[in-house]
Amino acid sequence: PRDAVLMAIFAGLTTGAKYPAVFVVFAVWCAAFLGARAAGAGGRFPSSPIGAFLLFAALPLATFLATSPFIVLDRAGFLSEMSWITPLFSAGFGKGVVHRGPLFYPRLLAERSFGAGFLALALVGLVATLRARGRPSLHLLAFAIPFVAFFMVARTAYERFMVPVLPVLAILAGVGAVAVA
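Here's what I pulled together on the structure shown here. (Residues numbered from 1 in each chain as written. Predicted model: local features only at pLDDT ≥ 70, side-chain atom pairs only at ≥ 80, totals over all residues. Heavy atoms only, no water.)

## Some thoughts on the packing of helix α7 (residues 116-131) against helix α9 (residues 166-180)
- α9 packs onto α7 with a crossing angle of 80° between their chain directions and a minimal axis gap of 6 Å. Relative to α9, the element α7 lies roughly perpendicular. Contacts from F118, L121, A122, V124, G125, L126, A128 and T129 of α7 reach α9 at L169, A170, L172, A173, V175, G176, A177, A179 and V180.
- Residues that form the contact of α7 with α9 fall into these classes: 14 nonpolar, three polar and no charged. (Axes fitted to C-alpha atoms, helices over the stretch in contact; angles between N-to-C directions. Helix = DSSP H or I, 4+ residues; strand = E, 2+ residues; numbered from the N terminus. Parallel < 35°, antiparallel > 145°, perpendicular 65-115°, else oblique. Contact = heavy atoms within 4.5 Å. Nonpolar A, V, L, I, M, F, W, Y, C, P; charged D, E, K, R; others polar.)

## Describing the layout of surface pockets
- What the second largest pocket holds in volume is close to 450 Å³.
- Lining of the second largest pocket is provided by 19 residues; of these, P106, L123, L126, V148 and L169 occupy positions nearest its centre.
- Every element with two or more residues in the lining of the second largest pocket is listed here: α6 (104-112), α7, α8 (137-153) and α9.
- The element contributing the most residues to the lining of the second largest pocket is α8, with six residues.
- Class assignment of the residues belonging to the lining of the second largest pocket gives a composition of 19 nonpolar, no polar and no charged. (1 Å grid on protein atoms, 1.4 Å probe; cavity = no way out; pocket = protein on both sides within 12 Å on 5 of 7 lines; lining within 4 Å. Points joined across faces, edges and corners; volume = space filled by probe spheres on them.)

## Section: α6
- Those residues of α6 that sit buried are F104, Y105, L108 and L109. Axial view of α6: buried residues confined to an arc of 130°, hence all on one face. (Buried < 20%, exposed > 50% of the residue type's maximum accessible area, 1.4 Å probe, protein only. Arc of directions from axis to C-beta.)

## Some words on the nonpolar core
- Membership of the largest hydrophobic core comes to 23 residues, with the highest contact counts inside it found for Y105, F143, F147 and V165.
- Going through the elements one at a time, α6, α7, α8 and α9 are the ones with two or more residues in this core.
- Residue contributions to this core peak at five residues, all from α8.
- Ignoring anything within four residues of it in the chain, the contact list for F143 reads F23, V24, A27, P164, V165 and V168.
- Counting residues in hydrophobic clusters, the runner-up holds seven residues, among them A8, V25, A32 and A52. (Core = buried A, V, L, I, M, F, W, Y, C linked by side-chain atoms within 4.5 Å.)

## Examining the side chain of T15
- Considering the arrangement of structural elements, one finds T15 in helix α1 (residues 2-17).
- If sequence neighbours within four positions are ignored, T15 has contacts with A21, V22, V25 and F64.

## Some remarks on the environment of L13
- One can find L13 in helix α1.
- When residues no more than four places from it in sequence are discounted, the contact partners of L13 are T63 and T67.

Set out below in structure tokens:
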């Protein structure tokens, strides 16, 4: 449970550093839910999945608020900033590329980064991961899928937005390579 608590705290720290990192919390919730259901948890986790979910929702939130106190201390200012910047993601802003559809990031990764073979292996790895017995892969996917989905619908696109998901893609490509070998 110490590792799970540290994971929850780091999720709060990560979210405080960059708000879109809030998707890391989905992986924490997945770990909490699966940890509560795991045989042999021996009382180290809350015994119910709901209790684990609530505990591991509270830890990232408390850490996030502790590291971003202006959200509480200047709530009006924070909400004003968020109401100003949030529409920019749907309208497009700055020197970012205006989004050109849901295949923008996969095309960008295939053409300018890792190549189509890498993405094909990652897709094979995704299928193999979803079909495998056991649940450790859900932790990765609980972060990656909501993260990628969020940025695929945003109108402003920067290559750097995909950096947090690259380790997951690399792991999936490795699983894919093993699956086709």
